[in-house]
Amino acid sequence: MKELIKNITEIYSPSGREDEVRNFIISQIKDYVDDYKIDKIGNLIAFKKGRSGKTILFDAHMDEIGLVITHITDKGFYKVEAVGGVDPQTLIGCRVQFKNRTGVLGVEGETMEDLKNNSKNLSFENLFLDLGFSCRTQAEEFAPIGTFGTYTACFADLGDRIVSKAMDDRVACAVLIESIRNMKDSLNNIIYAFTVQEEVGLVGSSVAGFNYDIDMAVAVDVTAAGDTPKALKRISMELGKGPCIKIKDAASVSDISVVNKLKQAAQANMIPFQFEVLLFGGTNAASYQRTKSGIPSGTISITTRYVHSPNEMVSMDDVKNTVKLVAALSNTEI
Ligand code: CO
Ligand code: ZN
């Protein structure tokens with residue numbers, strides 16, 4: 001499964017540019033689902049029939065955070081803006097990728113004082129992108145205004161721990177792919193929604209469930225870790241302690257029936273789990289709650305260190321247990 005995670009996190013598909021990752025997912029699941037379709041805004045929806053007459057939707061978002069070019073200078077440098085939650089701090093010293101070309105970011109400053117202040121208060125106002133061009137014509141020809149980029153991929157295998165860009169949320173896409181491939185037979189009908197544009201406001205998920213009669217929706221996504229030196233004391237999520245059953249985050253409170261069913265499924269199948277209360281953030285569960293006349297919704301989270309950086313770290317143990325929890329809920333009476 002590491003190979004799958006490596007491959008899927010190395011794809012460059014920021015929000016609104018999900019074609020490549022969607023094609024990859026289709027190639028992985030098409031022989032294992034009863035049917036699949038792509039809706040009008042690009043969500044990939046796959047189906048597996050069950051016996052209970054009840055339907056669970058599992059969601060994983062396909063997009064990743066990125067950058068977009070907003071302006072080109074005479075000397076062939078670019079100004080950029082974030083696509084989703086990119087912290088300018090993460091951009092200094094790392095590489096970015098625009099199409100097949102590597103780029104780096106620099107800090108502006110015409111005096112030593114300016115440079116010092118700008119470096120302390122990094123923002124998209126004082127950063128510039130350098131893709132190695134020396135004039136506007138070259139730069140414009142390669143990447144006109146509106147071109148999207150992402151962090152450069154560099155997967156690392158540290159044993160149980162693995163590091164890559166876009167674990168958010170490709171690791172969950174890999175979890176759903178793996179559970180689709182493993183699932184011989186399911187009690188409930190399952191809809192797998194691989195959604196677009198989560199990072200810019202839960203866009204894909206706000207329509208993905210609209211055409212279906214869904215009894216329960218579960219987003220699978222990453223969450224923050226509280227287990228590094230002097231990490232936030234008020235959160236408890238740790239790597240290696242099992243998938244998190246989300247109680248709440250800043251965008252929604254998980255439906256208590258979903259929390260209870262996940263807990264029951266985990267306990268009945270001896271899957272370790274942790275409860276999660278996140279002080280910020282949100283997942284696609286928030287939009288399924290508000291779809292149609294309301295769908296009971298919750299989230300399974302994979303604890304992730306350094307979220308929204310080029311080096312997001314997860315535990316393979318947690319990932320494998322998340323696959324098990326998805327399978328367990330699929331076979332639980334809801
Ligand atoms: Co995210
Ligand atoms: Zn996410």
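Rules of the game
- Residues numbered from 1 in each chain as written.
- Chains lettered and ligands numbered in written order.
- Predicted model: local features only at pLDDT ≥ 70, side-chain atom pairs only at ≥ 80, totals over all residues.
- Heavy atoms only, no water.
- Helix = DSSP H or I, 4+ residues; strand = E, 2+ residues; numbered from the N terminus.
- Rg over C-alpha atoms; globule rule 2.2 N^0.38 Å.
- Buried < 20%, exposed > 50% of the residue type's maximum accessible area, 1.4 Å probe, protein only.
- Areas by Shrake-Rupley, 256 points an atom, 1.4 Å probe, with all protein chains shown as cover.
- Lys, Arg positive; Asp, Glu negative; His and termini not counted.
- Charge placed at Lys NZ, Arg CZ, Asp CG, Glu CD.
- 1 Å grid on protein atoms, 1.4 Å probe; cavity = no way out; pocket = protein on both sides within 12 Å on 5 of 7 lines; lining within 4 Å.
- Points joined across faces, edges and corners; volume = space filled by probe spheres on them.
- Nonpolar A, V, L, I, M, F, W, Y, C, P; charged D, E, K, R; others polar.
- Domains from an automatic or database assignment.
- Contact = heavy atoms within 4.5 Å.
- Buried area = accessible area lost by both parts, 1.4 Å probe.
- Salt bridge = Lys/Arg side-chain N within 4 Å of Asp/Glu carboxyl O.
- Polar contact = N/O pair within 3.5 Å; in protein donor to acceptor, adjacent residues only side chain to side chain.
- Pairing = 2+ DSSP bridges.
- Axes fitted to C-alpha atoms, helices over the stretch in contact; angles between N-to-C directions.
- Donors = N, O, S within 2.8 Å, 3.2 Å for Na, K, Ca; no water.
- Tetrahedral: all angles 85-135°; square planar, octahedral: opposite > 155°, others 65-115°.
- Phe/Tyr/Trp six-rings, centres within 6.5 Å; stacked < 30°, edge-to-face > 60°.

Topic: the overall build of the protein chain
Here's step 1: In terms of helices and strands, the protein chain carries nine helices and 17 strands.
Here's step 2: What you see for the protein chain is a C-alpha radius of gyration of 20 Å, in line with the 20 Å of a compact globule of 334 residues.
Here's step 3: The 334 residues of the protein chain split such that 54% are buried.
Here's step 4: Counting only carbon and sulfur atoms, one obtains 50% of the accessible surface of the protein chain, whose full area is about 14600 Å².
Here's step 5: The distance from the centre of the 37 positive side-chain charges to the centre of the 43 negative ones in the protein chain is 4 Å.

A closer look at empty space enclosed by the protein
Here's step 1: The tally for this structure, following the rule as stated, stands at two cavities of 30 Å³ or more.
Here's step 2: Here the largest cavity defines a volume of roughly 50 Å³.
Here's step 3: Glu-64, Ile-65, Tyr-151, Lys-165, Ala-166, Asp-168, His-308, Ser-309 and Glu-312 are the residues that line the largest cavity.
Here's step 4: In this structure, the second largest cavity encloses a volume near 40 Å³.
Here's step 5: Residue lining of the second largest cavity: Ile-65, Gly-66, Leu-67, Val-86, Leu-91, Val-96, Gly-149, Thr-150 and Tyr-151, and that is the complete set.
Here's step 6: Mapped by element, the contributors of at least two residues to the lining of the second largest cavity are β4 (66-72) and β9 (148-151).
Here's step 7: Here the residues of the lining of the second largest cavity are counted per class, giving six nonpolar, three polar and no charged.

Observations regarding the domain arrangement of the protein chain
Here's step 1: If you check the domain split of the protein chain, you get domain 1 (2-64 + 165-330) and domain 2 (66-151).
Here's step 2: For domain 1 versus domain 2, the distance between C-alpha centres works out to 32 Å.
Here's step 3: Counting residues at the interface gives 11 residues for domain 1 and 12 residues for domain 2.
Here's step 4: Each partner contributes to the roughly 960 Å² buried at the junction of domain 1 and domain 2, and carbon and sulfur atoms together form 67% of this total.
Here's step 5: It is Tyr-12, His-308 and Pro-310 in domain 1 that bury the most area against domain 2; as a group they hold 45% of the surface buried on that side.
Here's step 6: If you look at where domain 1 meets domain 2, you find zero salt bridges.
Here's step 7: Between domain 1 and domain 2 we count two residue pairs in polar contact (both at pLDDT 80 or more) in total.

Thoughts on the sheet that holds strand β12 (residues 189-195)
Here's step 1: Taken in spatial order, the eight strands make up an open sheet running β1-β2-β12-β3-β13-β16-β14-β15, and their pairing is mixed. The sheet is open, and its two borders are formed by β1 (35-38) and β15 (274-277), each paired with just one other strand. Direction aside, neighbouring strands of the sheet carry axes that sit 30° apart on average.
Here's step 2: Of the strand pairs in this sheet, strand β3 (residues 55-61) and β12 are connected by seven bridges, and their pairing is parallel. Opposite Phe-58, over in β12, you have Tyr-192 as the bridge partner.
Here's step 3: Lying on the sheet, helix α2 (residues 19-29) is in contact with β1, β2 (44-48) and β12; it crosses β2 at an angle near 15°.
Here's step 4: Packing against the sheet, helix α7 (residues 256-268) makes contact with β13 (216-224), β14 (244-248), β15 and β16 (297-304), and its axis sits at approximately 160° to β14.

A short note on the coordination of the cobalt ion (ligand 1)
Each donor-metal-donor angle in an ideal tetrahedron of four donors is 109.5 degrees, and each such angle in an ideal octahedron of six donors is either 90 or 180 degrees.
Here's step 1: Only Asp-168 (OD), Glu-199 (OE), Glu-199 (OE) and His-308 (NE2) from the protein coordinate the cobalt ion (ligand 1), and they sit 1.8 to 2.6 Å from it.
Here's step 2: Seen from the cobalt ion (ligand 1), its four donor atoms lie at angles of 54 to 146°, and the figure they make is irregular.
Here's step 3: Of note, the donors binding the cobalt ion (ligand 1) are all from one chain and are spaced D-x30-E-x108-H.
Here's step 4: The distance between the cobalt ion (ligand 1) and the zinc ion (ligand 2) comes to 3.4 Å, with Asp-168 serving as a donor to both metals.

Structural notes on the packing of aromatic side chains
Here's step 1: Applying the stated rule across the entire model yields five aromatic pairs.
Here's step 2: Pairing Phe-58 with Tyr-192 gives two aromatic rings, centres 6.5 Å apart and planes at 25°, and the pair type is stacked. Highlighted residues: Phe-58 in strand β3 and Tyr-192 in strand β12, separated in sequence by 134 residues. Of the two residues, Phe-58 and Tyr-192, neither departs from the other in class, the shared state being buried.
Here's step 3: Seen in terms of ring centroids, Phe-273 and Phe-275 are 5.4 Å apart; in terms of plane orientation they differ by 75°. Their pairing is edge-to-face.

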